[in-house]
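Chain by chain, the residues:
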Amino acid sequence: MKDSFGVTIEPGDRIMSASTSGGWAKIGTVYAAESGRLMMTVEHGQSGRSYFSQKRSAIGSMALILRKADGTVPAHVAGEIG
């Protein structure tokens, strides 16, 4: 699976994920479910005035890696790509 900028999403990555249908935005850490599917542990999520209460969730249709599992920050997040 890749984020919206084409960077491969891997377990341990910290991401922001959004859903176009539900209007949710979530921040969390990616993990691999027993099935092998990538999921995320939600650390913060919000839609307007409502807060996302689930602790585990699927990764939405629009995802952005904020920090890779090894601690590096993708160039498009760091502002190195104009």
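Above this note sits the structure.
First things first, this report covers the structure right here in the doc. For every chain, the first residue of its written sequence is number 1, and the numbers climb from 1 along that sequence. Per-residue local features are limited, in this predicted model, to residues with pLDDT of at least 70; the limit for side-chain atom pairs, both in listing and counting, is 80 or more; totals at the level of whole chains, interfaces and linings are taken over all residues. The side-chain values count all of the structure's non-hydrogen atoms but skip hydrogen atoms and water molecules.

The helix and strand tally for the chain stands at 1 helix and 6 strands. Counting from the N terminus, the helices are DSSP H or I runs at least four residues long and the strands are E runs at least two residues long. When the helices and strands of the chain are read in sequence order from the N terminus, they spell out β-β-β-β-β-β-α. A radius of gyration in this sense is built from C-alpha atoms; the matching globule rule multiplies 2.2 Å by the number of residues raised to 0.38. In terms of overall dimensions, the chain is globule-like: its C-alpha atoms have a radius of gyration of 12 Å, near the 12 Å expected for 82 residues. Summarising its shape, the C-alpha atoms of the chain cover approximately 35 × 30 × 20 Å along the three principal directions. Buried means the residue's accessible area, taken with a 1.4 Å probe over protein chains only, is under 20% of the maximum for its type, while exposed means over 50%, and partly exposed covers the values in between. Classification of the 82 residues of the chain by burial places 28% in the buried group. Contacts are assigned to residue pairs that have any heavy atoms within 4.5 Å of one another. When contacts within the chain are restricted to residue pairs at least 6 apart in sequence, those whose partners lie at least 24 apart make up 40%.

Another point: the pairing of strand β1 (residues 14-18). Going residue by residue along β1, you find Ile15 and Ser17 tucked away on one face and Arg14, Met16 and Ala18 left uncovered on the opposite face. Here a strand pair is declared whenever DSSP counts at least two bridges between the two strands. One ladder, built from 5 bridges, connects β1 with strand β2 (residues 25-32); its direction is antiparallel. Bridge assignment links Ala18 to a residue of β2, and that residue is Ala25. Linking β1 to β2, which pair antiparallel, is a turn of 6 residues; within it Gly23 sits at a positive phi near 75°. The sheet contact formed by β1 and strand β6 (residues 62-67) spans 5 bridges and is antiparallel. The residue of β6 that forms the bridge with Met16 is Leu64.

Moving on, we come to the packing of aromatic side chains. Any two rings among Phe, Tyr and Trp, with Trp reduced to its six-membered ring, count as a pair given centres within 6.5 Å; such a pair is stacked if its planes are under 30 degrees apart, edge-to-face if over 60, and tilted if neither. In this structure the tally under the stated criterion is 0 aromatic pairs. Definition used: whenever NZ (Lys) or CZ (Arg) falls within 6 Å of the ring centre and also within 35 degrees of the ring normal, the charge is taken to sit over that ring. Residue placement shows Arg56 over the ring face of Tyr31; its charged tip is 4.7 Å from the ring centre.

What follows covers the pattern of salt bridges. Criterion for a salt bridge: a side-chain nitrogen of Lys or Arg within 4 Å of a carboxyl oxygen of Asp or Glu. As enumerated under the stated definition, the model contains 3 salt bridges in all. Lys68 is the salt-bridge partner of Glu10, the closest N and O atoms lying 3.3 Å from each other. You can see Glu10 sitting in the segment before β1 and its partner Lys68 sitting in the loop between β6 and α1 (75-78), a full 58 residues away along the chain. With relative accessibility at 39%, the residue Glu10 sits in the partly exposed group.

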